[in-house]
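Notes for the structure review
Each chain is listed here by its residues.
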Amino acid sequence: MRIIDVHTHTFPDKIAAAALEALQKDSGSKAHTDGTVSGLRKSMEEAGVDVSVVLPVVTNPIKASSINNYSAKQNEDFEKTGVFMIGGIHPETPEYKKVLREAADMGVKGVKLHPDYYGISFDDIRMKRIIDAASEAGLFVITHAGIDIGLYPPICCSLDSILNVLKDVRPETLILAHMGGWMNWEEVTEVLAPVMAEYNSEIRNKNGRKENGVYRDTAFSIGEIVWQGEGDHKGYHQMPDEQFRKMVKTFGSENILFATDCPWAEQKDYVIRINNMGLEEQELENIFHKNAEKILNL
């Protein structure tokens, strides 16, 4: 079975070690690779992952274009590496519409948002404009959702903010990382599931494009967090397997994407865990590759 991991991270070789050290210190968790593309490829080989999608996080508004150019350049080797990079954007990027159109023209497929790094709520008008412009450019949006263990509150992508964006912006294709909101899975299941069912039915029937709609990815949501030391980890934990199975049944496997958040979770462990969840073959096919193939067209 083909496996596509839609949520991974790498850093340029020159800064990978320093970046990982800083992020591990902030989060208290331990990385499973060295943060480089070669480290990711080694992980993919061990896990049997065919494609890994790398998500850049743009923390400086003026660097969006250069990061997108870098992603497009790296994608020239996709057939050889199996590593595909999407683009990034910041809600305060000048001429953001132009930047997004250029990203689409370079074939990067989508953009990553991380509201907590910006300190801007997901339903802030600046974010709404970005999300709307991305849809206009034919780009999917993937956003961090819920708590980020390396950052202080408040949560900038809360369930309420997600619902506001769906109501006000009507994005074409939106991926909510960490199963819709890290450590907020009960409320996400209860409140978001019925909204998403109606939303996805409407948007897919409206334009006939079955790849459109709202998805959740499985990144950094199951298994065990590998902490660096004893310490106080604020009660942070991953969801139990039974809760994961419940979310698959509630949201439908056609709306869930396999993802790990590598290097923050181990790809091999994720593949084994999901294969052992007792899901039906069609559910596994959808999660591991079919849904991602529709969105990415890879």
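Scroll up to find the structure this text is about.
Summarised in this report is the structure supplied together with it. (Residues numbered from 1 in each chain as written. Predicted model: local features only at pLDDT ≥ 70, side-chain atom pairs only at ≥ 80, totals over all residues. Heavy atoms only, no water.)

1. Focus: helix α11 (residues 267-275)
Within α11, the full set of buried residues consists of Gln 267, Tyr 270, Val 271 and Ile 274. Down the axis of α11, the buried set is contained in an arc of 100°. They therefore lie on one face. (Buried < 20%, exposed > 50% of the residue type's maximum accessible area, 1.4 Å probe, protein only. Helix = DSSP H or I, 4+ residues; strand = E, 2+ residues; numbered from the N terminus. Arc of directions from axis to C-beta.)

2. Remarks on the sheet that holds strand β9 (residues 256-257)
Here we have six strands laid out as an open sheet, ordered β4-β5-β6-β7-β8-β9, and parallel in their pairing. The open sheet has two free edges, formed respectively by β4 (87-88) and β9, since each of these has just one partner strand. As paired strands, strand β8 (residues 213-217) and β9 are joined by two bridges and run parallel to one another. In the strand pairing of β9, Arg 216 is matched with Ile 256. (Pairing = 2+ DSSP bridges.)

3. A few points about the sheet that holds strand β3 (residues 83-85)
With respect to topology, three strands assemble into an open sheet ordered β1-β2-β3, the strand pairing being parallel. Looking along the sheet, the strands with just one partner apiece sit at the ends: β1 (4-8) and β3. The sheet shows a mean angle of 25° between the axes of neighbouring strands, taken without regard to direction. Packed onto the sheet, helix α12 (residues 281-296) meets β1 and β2 (51-54) and runs at close to 70° relative to β1. (Axes fitted to C-alpha atoms, helices over the stretch in contact; angles between N-to-C directions. Contact = heavy atoms within 4.5 Å.)

4. Details of the nonpolar core
Core analysis: the largest hydrophobic core is formed by 76 residues, its most contacted members being Ile 89, Leu 113, Phe 122, Leu 192 and Phe 244. In contact with Phe 244, not counting residues within four places along its chain, are Met 179, Thr 218, Ile 222, Met 239, Ile 274, Met 277 and Leu 279. Counting residues in hydrophobic clusters, the runner-up holds 18 residues, among them Phe 78, Ile 86, Ile 175 and Tyr 215. (Core = buried A, V, L, I, M, F, W, Y, C linked by side-chain atoms within 4.5 Å.)

5. Examining the pairing of strand β6 (residues 140-143)
A two-sided burial pattern is seen for β6, the buried positions comprising Phe 140 and Ile 142 on one face and Val 141 and Thr 143 on the other. Two strands pair when backbone bridges link them, and strand β5 (residues 110-113) and β6 are joined in this way by four bridges, in the parallel orientation. Residue pairing in the sheet places Val 111 in a bridge with Val 141 of β6. In terms of strand pairing, β6 meets strand β7 (residues 173-176) through three bridges, oriented parallel. What sits directly across from Val 141, in β7, is Leu 174. Since β6 and β7 lie parallel, the crossover through helix α8 (residues 159-168) that links them has a hand, and here it is right-handed. (Right-handed = clockwise from strand over helix to strand, strands pointing away.)

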